[in-house]
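The lines below spell out each chain.
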Amino acid sequence: MLQVKNIEKYYGSKNHVTKALDRVSFDVADGEFIAIMGASGSGKTTLLNCISTIDTVSSGDILLDRESIAELPAEELARFRREKLGFVFQDFNLLDTLTIEENIGLALSLNHDNPQSVKKKVDEVAQKLGISDVLSKFPYQVSGGQKQRAACGRAMVAGQSLLLADEPTGALDSKSSKNLLEIMTQMNKEMGATILMVTHDAYSASYARRVLFLKDGRIFNELLRGERGRAVFYHEILDVLALLGGDISDVI
């Protein structure tokens, strides 16, 4: 589904250039759940920004569903984001003046999809996420967990190819973090969502099936969970973070 090919990203002027990404390459298969980890300044958010088309690569290429992101003209980027990418935010980003149903189907409505088609797609996603009974309510009338599920539903209601999450649990308490990670796991296992999550938190990363570790803009290591339990995988992640060196508090 996603191919990152030897990408580099530079910032600054010719007198002072910073290399944020250094020949990064990896593939993401359809239906994978991958976490990207690294200390502050390792390049993980820059990488996500390049994949999400918020930023552009200096060299190399990124392909999603065999379509090159780097070659898309500016007027095509909005369409690409809307049709191919879903975003999971730590603060939900639901609109208080819209019902849960309207929030989930917002992108479809803005795209002038048929109202009956929008309702059908929203109903299907809401049923899978267990929030069919709150579709007529407003965000302030539902629980935090229901808001999380609504936000996740909005991220994939249009059949987006890839869900991107940048520190999705960063502002949440431990209970809310666990709920969101379990929702994302459900989306991955039961709904076939392909997820790429940037996180500094080993506990969050342990929910993924594969973890990529960045250091100084390059891929330092990779862990596959395989058939191991999440607790075992969590401790293996901590071991790799220790090998990264520096202040471990930056990445744990």
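Rules of the game
Residues numbered from 1 in each chain as written. Predicted model: local features only at pLDDT ≥ 70, side-chain atom pairs only at ≥ 80, totals over all residues. Heavy atoms only, no water. Core = buried A, V, L, I, M, F, W, Y, C linked by side-chain atoms within 4.5 Å. Buried < 20%, exposed > 50% of the residue type's maximum accessible area, 1.4 Å probe, protein only. Contact = heavy atoms within 4.5 Å. Helix = DSSP H or I, 4+ residues; strand = E, 2+ residues; numbered from the N terminus. Pairing = 2+ DSSP bridges. Phe/Tyr/Trp six-rings, centres within 6.5 Å; stacked < 30°, edge-to-face > 60°. Expected span 1.5 Å × (residues − 1). Axes fitted to C-alpha atoms, helices over the stretch in contact; angles between N-to-C directions. Salt bridge = Lys/Arg side-chain N within 4 Å of Asp/Glu carboxyl O.

## Quick look at the nonpolar core
Counting residues in each nonpolar core, the largest one holds 48 residues, and the members touching the most others are M187, F213 and I237. Sequence-distant contacts of F213, defined by excluding residues within four places in its chain, comprise M37, R218, I219, F220, N221, E222, L223, I237, V240, L241 and L244. V4, V57, L164 and L212 belong to the second-largest nonpolar core, a separate cluster that totals 27 residues.

## Considerations on the side chain of T99
Position of T99 relative to the elements: it lies in the loop between β6 (85–88) and α3 (100–104). Residues contacting T99, with those up to four places away along its chain left out, are L135, S136, K137 and F138.

## Notes on the pairing of strand β7 (residues 162–166)
Across the five residues that make up β7, a large majority, four, are buried. In this sheet, β7 lies alongside β6 in parallel orientation, the contact comprising four bridges. Each residue of the ladder has a partner; that of V88, found in β7, is A165. As paired strands, β7 and strand β8 (residues 195–198) are joined by four bridges and run parallel to one another.

## A word on the packing of aromatic side chains
Under the counting rule described, the total for this entry stands at two aromatic pairs. Between the aromatic rings of F138 and Y140, the centroid separation amounts to 6.0 Å while the plane-to-plane angle is 15°, which identifies the pairing as stacked. Overall, Y140 belongs to the exposed group, its relative accessible area being 61%. Between Y203 and Y207, the ring centres sit 5.5 Å apart and the planes meet at 75°, which makes this aromatic pair edge-to-face. For Y203, a relative accessible area of 28% puts it in the partly exposed group. Its relative accessible area of 8% is what places Y207 among the buried residues.

## Things to note about helix α6 (residues 144–156)
The α-helix advances 3.6 residues per turn, and as a result positions three or four apart in sequence lie on the same side. Given a rise of 1.5 Å per residue, 13 residues ought to cover 18 Å, and the 19 Å separating the end C-alpha atoms of α6 matches this to within 8%. Within α6, burial applies to Q148, A150, A151, C152, G153, R154, A155 and M156. Looking at the buried positions of α6, the neighbouring elements they touch are β6, α3, α5 (115–129), β7 and α7 (174–190).

## Here we look at the sheet that holds strand β1 (residues 2–13)
Spatially, four strands are ordered β2-β1-β4-β5 in an open sheet, and the strand pairing comes out antiparallel. What marks the edges here is a single partner per strand, and that holds for β2 (16–28) and β5 (67–68). One ladder, built from five bridges, connects β1 with strand β4 (residues 59–64); its direction is antiparallel. Pairing of E8 across the sheet is with S59, part of β4. Relative to the sheet, helix α1 (residues 44–51) contacts β1, β2 and β4, its axis offset from that of β2 by approximately 65°.

## Looking at unusual backbone geometry
Unusually for a residue other than glycine, T53 sits at a positive phi of about 70°. Along the chain, T53 falls in the loop between α1 and β4. With phi around 65°, R66 is a residue other than glycine that occupies positive phi space. Residue position: R66 is located in the loop between β4 and β5.

## A few points about the pattern of salt bridges
Using the criterion set out here, one finds eleven salt bridges in the structure. Here D22 makes a salt bridge to K19, at a shortest N to O gap of 3.0 Å. We classify D22 as buried; its relative accessible area is 12%. You can call K19 partly exposed: its relative accessible area is 34%. With its nearest N and O atoms 3.6 Å apart, the salt bridge here joins K119 to E101. With K119 in helix α5 and E101 in helix α3, this pair connects stretches of sequence that are 18 residues apart. Taking the relative accessible area as the measure of exposure, K119 reaches 43% and is therefore partly exposed. Salt bridges here are not isolated pairs; linked through shared partners, they connect E8, K19, D22, R23 and R218.

Such coordinate-based values are descriptive only and should not be taken to indicate function.
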